[in-house]
Amino acid sequence: MTQATIYHNPRCSKSRETLALLEQQGCDINVVEYLKNTPTAAEIGQILAKLGINARELMRTKEDEYQTLGLNDTSLTEAQLIEAMINTPKLIERPIVLANERAAIGRPPENVLAIL
C-alpha cells in the first residue's frame, strides 16, 4: 500500500477530488490541512526540491494577498517567498501530494497518479 501525504484544503474542489482519488487508489493517507498546520520553511524547501520548481511556481499568484504583499517583486529571494507562504499559507498551491519520495500538484487531480 502506497503511503501518501496530501497538503489539503477541504474547501477546495481540486483538493477534495485529489483526496478522493488517493482513497480510490487504496493509499494510506496522511492529511495535512495546511491552512491550520502550516508547513515549515524546511518542509516547503523539501516539497520544492521534490517538485523541481522554485518558490514562486508554488504560489497562488491570483490571490489578492500576492499583490497586496508585493510578492510580484522579482527581486525577492526564495527565502522571502517561502516566508510569505508560511505567514500566508493561502498562497500555497494546492493540493500537494507526497509519495514514494516524489511530489505532485493535483491540478488536475490525475497528476498525482504519476507518483503513486
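Residues numbered from 1 in each chain as written. Predicted model: local features only at pLDDT ≥ 70, side-chain atom pairs only at ≥ 80, totals over all residues. Heavy atoms only, no water.

Here Arg102 shows up in strand β4 (residues 102-105). If sequence neighbours within four positions are ignored, Arg102 has contacts with Lys50, Val97, Ala114 and Ile115. Within polar-contact distance, the side chain of Arg102 engages the backbone oxygen of Ala114 at 3.2 Å. (Helix = DSSP H or I, 4+ residues; strand = E, 2+ residues; numbered from the N terminus. Contact = heavy atoms within 4.5 Å. Polar contact = N/O pair within 3.5 Å; in protein donor to acceptor, adjacent residues only side chain to side chain.)

All told, the structure shown has seven salt bridges when counted by the stated rule. Here Glu63 makes a salt bridge to Arg60, at a shortest N to O gap of 3.1 Å. Judged by relative accessible area, which is 16%, Glu63 ranks as buried. Of the residues examined, Arg60 reaches a relative accessible area of 17% and is grouped as buried. (Salt bridge = Lys/Arg side-chain N within 4 Å of Asp/Glu carboxyl O. Buried < 20%, exposed > 50% of the residue type's maximum accessible area, 1.4 Å probe, protein only.)

To continue, consider the nonpolar core. Formed by 22 residues in total, the largest nonpolar core has its most connected members in Leu58, Met59, Met85 and Ile96. Elements represented by at least two residues in this core include exactly α2 (41-51), α4 (78-87), β3 (96-99) and β4. Other than its neighbours up to four places away in sequence, Leu58 contacts Ile44, Ile47, Leu48, Leu51, Ile53, Met85, Leu91, Ile92, Glu93, Ile96 and Ile105. In terms of nonpolar packing, the next biggest core, distinct from the first, is built from eleven residues, Cys27, Ala99, Ala104 and Ile115 among them. (Core = buried A, V, L, I, M, F, W, Y, C linked by side-chain atoms within 4.5 Å.)

Turning to the environment of Thr2, a few remarks are in order. Here Thr2 shows up in the segment before β1 (3-8). Considering only alpha carbons, one finds Thr2 and Ile29, 27 residues apart in sequence, at a separation of 8.4 Å. Setting aside residues no more than four positions away along its own chain, Thr2 makes contact with Cys27, Asp28, Ala99, Asn100 and Leu116.

Taken together, the four strands give an open sheet; going across it, the order is β2-β1-β3-β4, and neighbouring strands pair in mixed fashion. In the strand order of this sheet, the two ends are held by β2 (28-33) and β4, each with one partner. Strand-to-strand twist in this sheet, taken as the mean axis angle between neighbours without regard to direction, amounts to 20°. Judged from the four bridges that link them, β1 and β3 form a sheet pairing that is antiparallel. Paired with Thr5 across the bridge in β3 is Leu98. Each of β1, β2 and β3 is contacted by helix α1 (residues 13-24), which is oriented at about 170° to β1, the strand it contacts most. Strands β1, β3 and β4 of the sheet are contacted by α2, whose axis makes an angle of about 85° with β4. (Pairing = 2+ DSSP bridges. Axes fitted to C-alpha atoms, helices over the stretch in contact; angles between N-to-C directions.)

Quick look at the state of the cysteines now. Under the defined criterion, the tally for this structure stands at zero disulfides. Free of any disulfide, Cys12 has its nearest neighbouring cysteine sulfur in Cys27, separated by 18 Å. (Disulfide = S-S within 2.5 Å.)

Before going further, it helps to spend a moment on unusual backbone geometry. Following Arg94, the chain continues into Pro95 via a peptide bond in cis, with omega recorded as -15°. In this structure, the amide linkage connecting Arg107 to the following residue, Pro108, adopts the cis form with an omega of 0°. Here Pro108 shows up in the segment after β4. The phi dihedral of Asn100 falls on the positive side, at around 55°, and the residue is not glycine. Inspection of the secondary structure puts Asn100 in the loop between β3 and β4. Overall, Asn100 belongs to the partly exposed group, its relative accessible area being 44%. The phi dihedral of Glu101 is positive, around 65°, even though this residue is not glycine. Here Glu101 is to be found in the loop between β3 and β4.

Geometric descriptors of this kind do not, in isolation, establish any biological role.
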